[in-house]
Amino acid sequence: MELQQIKDKFIEIYGGTEEDLRVFASPGRVNLIGEHTDYNGGFVFPAALTMKTTIVARKRQDKIVNMAATDLPDRVSINTEDINAYKDLWWGNYQAGIIAEMQKGGYEIVGCDMLYDDTTPHGGGLSSSAAIEVATALTFAVFSNEAKNIDTPVDMVEMAKISQMAEHNYVGVNCGIMDQFASAMGKENKIIFLNCKDLSYDLVPVKMDGYKIVVTNTNKKRGLADSKYNERRSQCEAGLEILKTAMPDKTCLGDITVEEFEQHKDLIKDEIIKNRVQHVIYEDDRVLKSVDALKNNDILAFGQYMIQSHNSLRDLYEVTGVELDTLVEEALKVDGVIGSRMTGAGFGGCTVSIIREDAIDNYINSCKKAYTEKIGYEPSFYITEIGNGGQEIL
Ligand code: GLA
């Protein structure tokens, strides 16, 4: 929805005038390369999208938070003095988690009426949940600072960390920091080269003359993804413990080089665990090489690393599935597609492809046809624009 429409809808729901409305927004993300490396202390290379969660909010005089969404009939009312009573909300779960984490962190939660509008597709692997979390955290942080007369700007890295904790403790997904960090810290036309071990980062300009980043949604309904995600994470932890018997100073898989892994990999007897670890170690290395390729204007090399990444996620990490594999296979048949891979957690969700501008129509037509014939329903396509991270919209 356009901002004015969201404001109109807010007035329809909560009454009053537009005068005291505040607007906050935070985006979804696409990860170009570096998958399942973040929770292993590795590197990732995501960018914030222009698809986002917008919150229109107005402070209240009490401790109640009322929430509604433009695309859902649900209405949720939370008494912030009893936040643990809201652990089982369906819609509103992320927000309750954010409030709980912020209370733990000493923020003063100000009661307010809120209306949410999401343009990031739900459950599509573009981090619609991180967009909701970071936008919510930002809203409450700004209001808390105002209540306490603090005039330093909100620390957006802290918003990302609070959002990640809400996901762990409320939603039950032991996710890494990538999605929330990208949503909080993204910059227009920049890709974030993030070291997830210490959160140091570099903003790399998107130099893709003649090419575009195209996101394709499998539109698959995701089942059990959360438990499989947590299982992958535990397998990596198990692999690390074994490798540490030879390299006790390593604190995460991100500390281990390809050479060190090759030297010690036979310590891991379980093939599945070895495969998972191998994916992470090589994927981490690919991120470094990809960032260099992009900085050196070698977009073709970048595309090759994307393809290797997908193959590794399919064969070693086993998080792709027929829908994502079909999209990538079909993409790579099209002249002008120089790289394509799944993005995000996998098990459905989206692919990201780098496509020559004049080949995009051809890609969309042929991919849509082949995918629909094989899978039975259509994919969706988004030509990506890289936008800014979480902010108040004045
Ligand atoms: C999800 C998680 C991220 C990251 C990716 C896989 O998006 O939220 O932390 O682990 O999967 O790279």
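For the structure, check the block above.
Predicted, not measured: the structure shown is a model, and the values here were computed from it.

## Quick word on helix 3 (residues 128-147)
For an α-helix, the turn length of 3.6 residues means that residues three or four places apart are oriented alike.
Link 1 in the chain: In a regular helix each residue adds 1.5 Å, so 20 residues correspond to 28 Å; helix 3 covers 29 Å between its end C-alpha atoms and thus fits that length.
Link 2 in the chain: The buried count for helix 3 comes to 18 of 20 residues, which makes it a mostly enclosed element.
Link 3 in the chain: N149 sits one or two residues past helix 3 and shows a positive phi near 55°.

## Considerations on helix 11 (residues 360-375)
Link 1 in the chain: Compared with the 22 Å implied by 1.5 Å per residue over 16 residues, the 21 Å span of helix 11 between its first and last C-alpha is a close match.
Link 2 in the chain: Of all the residues in helix 11, the buried ones are I360, Y363, I364, C367, A370, Y371 and I375. Angular distribution of buried residues about the axis of helix 11 spans 160°; they occupy a single face of the element. Those residues of helix 11 that are exposed and angled more than 90 degrees off the buried face are D361, N365, K369 and E373.
Link 3 in the chain: The inward-facing, buried residues of helix 11 abut strand 9 (211-217), helix 10 (322-333), strand 10 (337-343), strand 11 (350-356) and strand 12 (380-383).
Link 4 in the chain: Taken from the residues just after helix 11, G376 is the one with a positive phi, measuring 105°.

## Looking at the environment of D198
Link 1 in the chain: For D198, the location among the structural elements is in the loop between strand 7 (190-195) and strand 8 (200-205).
Link 2 in the chain: Spatially, the C-alpha atom of D198 lies 9.5 Å from that of G42, the residues being 156 residues apart in sequence.
Link 3 in the chain: One polar contact links D198 to S200, side chain to side chain, over a distance of 2.7 Å.

## Some remarks on the packing of helix 4 (residues 156-171) against helix 5 (residues 178-185)
For any two helices packed against each other, the geometry comes down to the angle between their axes and how far apart the axes lie.
Link 1 in the chain: Interhelical geometry of helix 4 versus helix 5 gives an angle of 145° and a closest axis separation of 8 Å. Relative to helix 5, helix 4 is oriented so that their crossing is right-handed. For the pair helix 4 and helix 5, contact is made by M156, V157, A160, S163, Q164 and E167 and by Q180, F181, A184 and M185, respectively.

## Observations concerning the side chain of D179
Link 1 in the chain: Looking at the secondary structure, you find D179 in helix 5.
Link 2 in the chain: Within the local environment of D179, its side chain forms a polar contact with the side chain of S127, the two groups lying 3.2 Å apart.
Link 3 in the chain: Apart from the residues lying within four places of it in its own chain, the contact partners of D179 are R29, S127 and A130.

## Description of the packing of aromatic side chains
What characterises a pair of aromatic rings is the spacing of the ring centres plus the angle enclosed by the ring planes.
Link 1 in the chain: Following the criterion strictly, the structure yields 10 aromatic pairs and no others.
Link 2 in the chain: Taking the centre distance of 6.4 Å and the plane angle of 85° together, the rings of F45 and F193 count as edge-to-face. Here F193 lies in strand 7 and F45 lies in the loop between strand 2 (43-44) and strand 3 (46-59), a separation of 148 residues in the sequence.
Link 3 in the chain: Look at W91 and Y116: their rings are 5.6 Å apart centre to centre, the planes differ by 85°, and that puts the pair in the edge-to-face class. With a gap of 25 residues between them, W91 in the loop between strand 5 (72-79) and helix 2 (93-104) and Y116 in strand 6 (residues 112-118) connect regions that are remote in the sequence.

## As for the side chain of T351
Link 1 in the chain: Checked against the element boundaries, T351 lands in strand 11.
Link 2 in the chain: Using a relative accessible area of 0% as the deciding quantity, one classes T351 as buried.
Link 3 in the chain: Apart from residues no more than four positions distant in its own chain, T351 is found in contact with V214, V215, T216, L324, L327, V328, S340, R341, M342, T343 and Y363.

## A look at the site of the ligand
Link 1 in the chain: Every residue close to the ligand is listed here: R29, E35, H36, D38, Y39, C175, G176, M178, D179, Y229, G344 and A345.
Link 2 in the chain: Within the contact set of the ligand, an oxygen atom lies 3.0 Å away from a side-chain nitrogen or oxygen of R29.
Link 3 in the chain: With the chains in place, 93% of the 310 Å² that the ligand exposes on its own is no longer accessible.

## Remarks on the sheet that holds strand 2
Link 1 in the chain: Taken in spatial order, the 3 strands line up as 2-7-8 in an open sheet, and their pairing is antiparallel. A strand with exactly one partner marks an edge of an open sheet, and here the two such strands are strand 2 and strand 8.
Link 2 in the chain: Sheet topology places strand 2 next to strand 7; 2 bridges connect them, and they run antiparallel. Bridging from a neighbouring strand, V44 pairs with L194 of strand 7.

## Digging into the packing of helix 2 against helix 3
Link 1 in the chain: Where helix 2 meets helix 3, the closest approach of the two axes is 9 Å, and the angle between their N-to-C directions is 45°. Judged on the interaxial angle alone, helix 3 and helix 2 are oblique. Here helix 2 runs over helix 3; the crossing is right-handed. For the pair helix 2 and helix 3, the contacting residues are Y94, Q95, I98, I99 and M102 in the first and S129, I132, E133, T136, A137, F140 and A141 in the second.
Link 2 in the chain: Grouping the constituent residues of the contact of helix 2 with helix 3 by class yields 8 nonpolar, 3 polar and 1 charged.

## Here's the deal with the layout of surface pockets
Link 1 in the chain: Counted as a void, the largest pocket has a volume near 1,200 Å³.
Link 2 in the chain: Looking at the largest pocket, it is lined by 43 residues, and the ones nearest its centre are Y94, G123, S128, S129 and R222.
Link 3 in the chain: Contributions of two or more residues to the lining of the largest pocket are made by helix 2, helix 3, helix 4, helix 5 and helix 6 (225-244).
Link 4 in the chain: Sorting elements by how many residues they give to the lining of the largest pocket places helix 3 first, with 4 residues.
Link 5 in the chain: Class assignment for the residues of the lining of the largest pocket results in 17 nonpolar, 17 polar and 9 charged.

## Some points on the nonpolar core
Link 1 in the chain: Membership of the largest hydrophobic core comes to 48 residues, with the highest contact counts inside it found for I78, M102 and M114.
Link 2 in the chain: No other element matches the 9 residues that helix 3 contributes to this core.
Link 3 in the chain: Residues contacting M114, with those up to four places away along its chain left out, are F10, Y14, I55, V56, A57, V65, N66, M67, A68, T139 and F140.
Link 4 in the chain: I191, Y211, I338 and C350 belong to the second-largest nonpolar core, a separate cluster that totals 31 residues.

The rules we used
- Residues numbered from 1 in each chain as written.
- Predicted model: local features only at pLDDT ≥ 70, side-chain atom pairs only at ≥ 80, totals over all residues.
- Heavy atoms only, no water.
- Helix = DSSP H or I, 4+ residues; strand = E, 2+ residues; numbered from the N terminus.
- Expected span 1.5 Å × (residues − 1).
- Buried < 20%, exposed > 50% of the residue type's maximum accessible area, 1.4 Å probe, protein only.
- Arc of directions from axis to C-beta.
- Contact = heavy atoms within 4.5 Å.
- Polar contact = N/O pair within 3.5 Å; in protein donor to acceptor, adjacent residues only side chain to side chain.
- Axes fitted to C-alpha atoms, helices over the stretch in contact; angles between N-to-C directions.
- Left-handed = near helix turned anticlockwise from the far one by under 90°.
- Phe/Tyr/Trp six-rings, centres within 6.5 Å; stacked < 30°, edge-to-face > 60°.
- Near = heavy atom within 4 Å.
- Areas by Shrake-Rupley, 256 points an atom, 1.4 Å probe, with all protein chains shown as cover.
- Pairing = 2+ DSSP bridges.
- Parallel < 35°, antiparallel > 145°, perpendicular 65-115°, else oblique.
- Nonpolar A, V, L, I, M, F, W, Y, C, P; charged D, E, K, R; others polar.
- 1 Å grid on protein atoms, 1.4 Å probe; cavity = no way out; pocket = protein on both sides within 12 Å on 5 of 7 lines; lining within 4 Å.
- Points joined across faces, edges and corners; volume = space filled by probe spheres on them.
- Core = buried A, V, L, I, M, F, W, Y, C linked by side-chain atoms within 4.5 Å.

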